Amino acid sequence: MSLYQWLLFFHVTGAFFLIGGIVVAGILNLAAIVKDRRPSEVAALYGLIRFAVPLIGAGLLLTLVIGLWLVHNVGYGYGQTWIVAAIVLWVVGSALGNIDGKYQRQTGELAQRLATEGDAPSPELRARLLNPLALVISYASGLTAFAVLGLMIWKPGA
Amino acid sequence: MVLALIRPDSWNLPLFLHVLGATLTFGATATVALLGFAGQRGDPDRSVWLRGLAFWVGLVVLVPAFILMRGTALWILDKEFPGGHNEPDWVGVGFIVTEPGALLVIVMVILAWFTRSPKSRSAVAVPWLASILLVALAVAWFAMSAKPGG
C-alpha cells in the first residue's frame, strides 16, 4: 500500500472517531433531557458521555493532521475553497465543543451532587439540561463535523 | 493520482449519505455497547434501565443508520459499477461485513429487548455483539478508504 492509501485510511478513521464520538455524546445527552430524570440517572448518562471525549479528541487530531498531510501528498493547494472552509469549520467546531464540554462537565458535577442529596428531580438541573444556548452550542459543534464531511465529498472549488 | 480522486458530481450525494450512514452506524453501535456494558454492573434497577436504553438506541438510531448505510451503498455501487461488472475486492468486503452485519444488528436488538427484564440472562451478549460489529465496521472502512489491491 502506498503512503496515500495509509494517509486516507487514518484520515477516514479520524472522521469515524470524531463523528462516532459526537453521535455517542449526542444520543446520551438526548437521553438525559428527553424525560425529567432523577439526578443519579443524569449523572450515570453524563458519566458515560466521558467515554466519547477521547474518541472525539483522537478524531479531531487525526482529521486535521492527516488531512493537512494528505493535501501535501496529493498536491491540492492549501488555499482551495473546500480546504480553507474545512479548516475554519474544524476550528469553530472545536471551540464550540470546548465550551460545550466545560458546561456539560459542570452539569454532570451538579447531577452527582444532587444524587447524593436525596436524588429528587431538580428544577435547577432540568434548567441546565434544557438551556437553549447550551443546546445550540452543543448541536452546532456537532453539525460542523457533518458540514466538513460534506466538504470532503463535494470539494467545492476543487 | 489526482485524476483518480475526481468523481462525477452525480456520485457525491449517494457517497455522502453512505459515509454519513456508516459514521452514524458506528456511533450508534458504540452507544449500544457502552450502555450494554454499563448495564452489567451496579444497582439492578439502574442496570435494567441502561439496558432498556440500549434497546431503544438500537431500534431508533442503529437500525435506521444501518439501513441508510446499506441502501446508499447499493446506490453508489450502481453508479460506480453499473450492472455489477468489474467490482473490485474492497466492494466485496463491504458485502461481507454488512450482510452478516445486518443479521447481527437484528439479533442484537431482539436480545436487547429481552434484556429489559431483570431476570434476563442474555444481557451480557448485547454489548459484545455490538463490539464485534464495531470491529467489522472498522475492517470495512479500511477496505473502502485504503482500497488495498486497487
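Everything numeric here is computed off the predicted structure, so don't read it as measured data.

Asker: Explain the interface of chain A and chain B to me, and be specific about the residues and the numbers.
Answerer: Counting from both sides, the interface comprises 27 residues of chain A and, opposite them, 27 residues of chain B. Secondary structure elements with two or more residues in the side of chain A that touches chain B: helix 1 (3-33), helix 2 (39-49) and helix 6 (132-154) of chain A. Counting residues per element, the side of chain A that touches chain B draws most heavily on helix 1 of chain A, which supplies 17 residues. Split by residue class, the side of chain A that touches chain B holds 22 nonpolar, 5 polar and no charged.

Asker: Outline unusual backbone geometry, listing residues and values.
Answerer: A negative phi angle characterises most non-glycine residues, just as the trans form characterises most peptide bonds. The phi dihedral of Lys-155 of chain A falls on the positive side, at around 50 degrees, and the residue is not glycine. Here Lys-155 of chain A shows up in the segment after helix 6. Not every positive phi belongs to a glycine, and Lys-147 of chain B is a case in point at roughly 45 degrees. As for its position among the elements, Lys-147 of chain B is in the segment after helix 5 (125-146). For Lys-147 of chain B, a count of 18 C-beta atoms within 10 Å puts it in the partly exposed group.

Asker: I'd love a proper account of helix 4 (residues 89-114) of chain B, names of residues and values included.
Answerer: All names here are of chain B. Taking 1.5 Å of rise per residue, the 26 residues of helix 4 would be expected to cover 38 Å, and the 38 Å separating its terminal C-alpha atoms lies within 8% of that figure. By the largest-angle criterion, Gly-101 marks the main kink of helix 4, which is about 25 degrees. Those residues of helix 4 that sit buried are Gly-94, Val-97, Thr-98, Gly-101, Val-105, Met-108, Val-109, Leu-111 and Ala-112. Looking at the packing, one finds that the buried side of helix 4 touches helix 2 (12-38), helix 3 (44-80) and helix 5.

Asker: Quick one: what's the story with helix 3 (residues 52-74) of chain A, residue by residue and with numbers?
Answerer: Residues and elements named next belong to chain A. Helix length check: helix 3, at 23 residues, gives a terminal C-alpha distance of 31 Å against a target of 33 Å (1.5 Å per residue), a fit within 8%. Among all positions in helix 3, only Ala-52, Leu-55, Ile-56, Gly-59, Thr-63, Ile-66 and Gly-67 are buried. Where the residues of helix 3 are buried, they touch helix 1 and helix 2. Phi turns positive, to about 100 degrees, at Gly-75, one or two residues after helix 3.

Asker: Describe the environment of Asp-45 of chain B, and please don't skip the residues or the numbers.
Answerer: All names here are of chain B. With respect to the secondary-structure elements, Asp-45 resides in helix 3. Look at Asp-45 and you get exposed, because 9 C-beta atoms sit within 10 Å. Remark: the alpha-carbon pair of Asp-45 and Val-93, spanning 48 residues in sequence, is separated by 41 Å.

Thresholds, definitions, all that
Residues numbered from 1 in each chain as written. Chains lettered and ligands numbered in written order. Predicted model: local features only at pLDDT ≥ 70, side-chain atom pairs only at ≥ 80, totals over all residues. Contact = placed C-beta atoms within 7 Å. Helix = DSSP H or I, 4+ residues; strand = E, 2+ residues; numbered from the N terminus. Nonpolar A, V, L, I, M, F, W, Y, C, P; charged D, E, K, R; others polar. Buried ≥ 20, exposed ≤ 12 C-beta atoms within 10 Å, placed from the backbone. Expected span 1.5 Å × (residues − 1). Bend = angle between axes of the 7 residues up to and from the residue.

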